[in-house]
Amino acid sequence: MARLPMPESVREALVRSTQTRDAVGGNRNAGILQRLSLDSWVFLRSGMRGTAGASPLPAAYGRSQAGAVWRFELLPQSRHLPEAFARISRAL
């Protein structure tokens, strides 16, 4: 979902908000903040055993899991889109 296009009206509102903050001496880290992203999830599995899932192997993270991925665009101008990321997950 992080790569879905943003609606134009939302993008314009964000640009106006950033310009307003910058005009009054606000956010000096706007460039860095625009290069950060976060995705998170919670996956709840039912307690039933023996149901067929996407994989024949048991779940690696337990029955249910939660996690997050933080990404930082290293070179936003590059066509290769290099990123550094950190991922955490936990069985529930």
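Before reading further, recall that the structure is shown in the block above.
Quick caveat, the model's predicted, so the values are computed rather than measured.

Draft legend 1. Summary view of the side chain of serine 64. When you line up the elements, serine 64 lands in the loop between β1 (36–43) and β2 (65–73). Of note is the side chain of serine 64, whose polar atom sits 3.0 Å from the backbone nitrogen of arginine 45.

Draft legend 2. Fine view of the pattern of salt bridges. The tally for this structure, following the rule as stated, stands at two salt bridges. Among the ionic pairs, aspartate 39 bridges to arginine 71, the shortest N-O distance being 2.4 Å. Here aspartate 39, found in strand β1, pairs with arginine 71, found in strand β2; they are 32 residues apart in sequence, far enough to count as distant. Residue classification places aspartate 39 among the partly exposed residues on the basis of a relative accessible area of 24%. Note on arginine 71: relative accessible area 22%, which makes it partly exposed.

Conventions used here
Residues numbered from 1 in each chain as written. Predicted model: local features only at pLDDT ≥ 70, side-chain atom pairs only at ≥ 80, totals over all residues. Heavy atoms only, no water. Helix = DSSP H or I, 4+ residues; strand = E, 2+ residues; numbered from the N terminus. Polar contact = N/O pair within 3.5 Å; in protein donor to acceptor, adjacent residues only side chain to side chain. Salt bridge = Lys/Arg side-chain N within 4 Å of Asp/Glu carboxyl O. Buried < 20%, exposed > 50% of the residue type's maximum accessible area, 1.4 Å probe, protein only.

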